[in-house]
Amino acid sequence: MLIRLLSKSNAFQYQKMTFQIDHHIRRWVIIILIGVLFLASAFPAAAESVAPKNVLILLSVEYGLPAYDIMLNEIQMKLRQGLPGPINMYAEYIDSARFPDERYQQNLISFYNEKYARLKIDLLIAIGPNLVQIFNRYGTSSFAGLPTVVIDLLQLNTEIPAAFRKPNMTGVFLQIDSQKNFELALSLHSEAKRVYIVVGASKMDAYFERLALTAARKYKGDFVVTYLKALPMEDVLQKVQTLPADSVVLVLSTQTDGLGVPYYTREATRLIAARSIAPVYVLFDSKVDVGAVGGYVVRFKEAGRLAGKMALRILQGEPPHAISPVREGLNQYMFDWRQLKRWDIP
């Protein structure tokens, strides 16, 4: 009898212990299953968020151009602020002003095609000036169908070129208003009868010269326009030191001087303004603070900001054709107060 009671007691203790063990096991199994389900749901989202976006930036002229620095800084800031995951940014400079040979450019585009052939490019950002020629010439490259944001200069009151009116493209299109710069200079210097226009010797410089010529024709007879064109830089500097008292100077572009020496227009403007006995005016915001009075200028910072917003929308899934191009509100009057004081401009 005693043995049977002990046996029943042992059996009860065993069942109790087994129940406790099973209860602990079930609890841990449930915890593990919940953890597995959580990780399974989290991994796809994590994988999606960390997949890098690849952005290729194609720039038509040379590295180090101050306007490029301004625009690229704005674009990168917008993208890094707006995208949760990593971004791989690649930049290529065609340097077409200093190396205008078509065969060189063709070889360069072919090299880019091969270089990026195995990389999925999510967005192309093409920055001019003078991109139309490049797009028309090399539009059949492997970049042709990519979602694209364009930043380029257009002549005033002209349509966006057909090369940029494609479903995979949108952009920011800057306009140089040389006429307003003539009007500005002459309104601030009522005694002025002569305008000296400084322009370099490259094909890119000639493009800016054509823009100024159109505006200057409207003032024929009101003042004398003299072009300091394709001269060695030292000749330009000597000339601006001996100008008549009724003169103003407008610096357009100096990619290369008459001897083929390359210059950044910002640095050329600095040299010219330091020597000139007449006030100097410019077309771009990146050149106002180097000795020029100012001008009705193109706003590269605003162009970069707007292009960055477009790029962000595309990388977030919006098709380029749904994003309207921008060409208004990209110019403003800008002055350096030090030069206003120097030239006694109220």
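Everything below is about the structure printed above this text.
The structure contained in this document is the topic of the report that follows. (Residues numbered from 1 in each chain as written. Predicted model: local features only at pLDDT ≥ 70, side-chain atom pairs only at ≥ 80, totals over all residues. Heavy atoms only, no water.)

Counting its regular elements, the protein chain contains 10 helices and 11 strands. Looking at the protein chain as a whole, 46% of its 346 residues are labelled buried. Long-range pairs, those at least 24 residues apart, make up 73% of the contacts in the protein chain with a sequence separation of at least 6. Here the protein chain has roughly 18100 Å² of accessible surface; of this, 58% comes from carbon and sulfur atoms. (Helix = DSSP H or I, 4+ residues; strand = E, 2+ residues; numbered from the N terminus. Buried < 20%, exposed > 50% of the residue type's maximum accessible area, 1.4 Å probe, protein only. Contact = heavy atoms within 4.5 Å. Areas by Shrake-Rupley, 256 points an atom, 1.4 Å probe, with all protein chains shown as cover.)

Now for the pattern of salt bridges. Across all of its chains, the model carries 12 salt bridges by this definition. Asp246 serves as the salt-bridge partner of Arg194, at 3.1 Å between the closest nitrogen and oxygen. Of this pair, Arg194 sits in strand 6 (residues 194-199) while Asp246 is found in the loop between helix 7 (233-240) and strand 8 (247-253), placing the two residues 52 residues apart along the sequence. Two residues, Arg305 and Glu302, come together in a salt bridge whose shortest N-O distance is 2.8 Å. Here Arg305 and its partner Glu302 are both found in helix 9 (residues 300-315), three residues apart, which amounts to about one turn of the helix. On the basis of relative accessibility, which here comes to 27%, the residue Arg305 falls in the partly exposed class. A relative accessible area of 16% means that Glu302 is categorised as buried. (Salt bridge = Lys/Arg side-chain N within 4 Å of Asp/Glu carboxyl O.)

Looking now at the sheet that holds strand 2 (residues 87-93). The strand order across the open sheet formed by five strands is 2-1-3-4-5, and the pairing between neighbours is parallel. Pairing within the sheet leaves two strands with one partner each, and these edge strands are strand 2 and strand 5 (169-175). When the angles between neighbouring strand axes are averaged without regard to direction, this sheet yields 15°. Strand direction decides the pairing type here: strand 4 (residues 148-154) and strand 5, joined by seven bridges, are parallel. Bridge pairing in strand 5 places Val150 opposite Gly171. Where helix 9 meets the sheet, its contacts fall on strand 1 (53-59), strand 3 (123-127), strand 4 and strand 5, and the angle it forms with strand 5 comes to roughly 175°. (Pairing = 2+ DSSP bridges. Axes fitted to C-alpha atoms, helices over the stretch in contact; angles between N-to-C directions.)

What follows deals with the packing of helix 2 (residues 66-82) against helix 9. In contact at an axis separation of 8 Å, helix 2 and helix 9 are set at 35° when each is read in the N-to-C sense. Read as a crossing pair, helix 2 and helix 9 show a hand that is right-handed. Only Phe300, Lys301, Ala303, Gly304, Arg305, Ala307, Gly308, Lys309, Ala311, Leu312 and Leu315 of helix 9 make contact with helix 2, whose side of the interface consists of Ala67, Ile70, Met71, Glu74, Ile75, Lys78, Leu79 and Gly82. Per-class residue counts for the contact of helix 2 with helix 9 are 11 nonpolar, three polar and five charged. (Left-handed = near helix turned anticlockwise from the far one by under 90°. Nonpolar A, V, L, I, M, F, W, Y, C, P; charged D, E, K, R; others polar.)

Moving on to helix 8 (residues 265-275). Among the residues of helix 8, Thr265, Arg266, Ala268, Thr269, Ile272 and Ala273 are the ones counted as buried. Mapping the buried residues of helix 8 onto a view down its axis gives an arc of 155°, with all of them on the same face. Where helix 8 is buried, its residues meet helix 2, strand 6, helix 7, strand 8, strand 9 (280-281) and helix 10 (337-342). (Arc of directions from axis to C-beta.)

Moving on: the nonpolar core. With 59 residues, the main nonpolar core has Ile125, Ile127, Ile151 and Phe208 as its most contacted residues. Looking at which element gives the most residues to this core, the answer is helix 9, with nine residues. Not counting residues up to four positions away in its chain, the partners in contact with Phe208 are Leu153, Ile176, Leu252, Ser253 and Phe284. (Core = buried A, V, L, I, M, F, W, Y, C linked by side-chain atoms within 4.5 Å.)

Attention now goes to the pairing of strand 1. Burial within strand 1 is extensive, with six of its seven residues counted as buried. Two strands pair when backbone bridges link them, and strand 1 and strand 2 are joined in this way by seven bridges, in the parallel orientation. What sits directly across from Leu59, in strand 2, is Tyr93. Running through helix 2, the crossover from strand 1 to the neighbouring parallel element strand 2 is right-handed. As paired strands, strand 1 and strand 3 are joined by five bridges and run parallel to one another. Counted as the bridge partner of Leu59 is Ile127 from strand 3. (Right-handed = clockwise from strand over helix to strand, strands pointing away.)

Moving on, we get to the packing of aromatic side chains. Scanning all chains against the criterion turns up 13 aromatic pairs. With 5.7 Å between their ring centres and 35° between their planes, Phe182 and Phe223 make a pair best called tilted. Here Phe223 lies in the loop between helix 6 (203-216) and strand 7 (224-229) and Phe182 lies in helix 5 (residues 178-188), a separation of 41 residues in the sequence. One aromatic cluster in this structure is built from Tyr207, Phe208, Phe284 and Phe300. (Phe/Tyr/Trp six-rings, centres within 6.5 Å; stacked < 30°, edge-to-face > 60°.)

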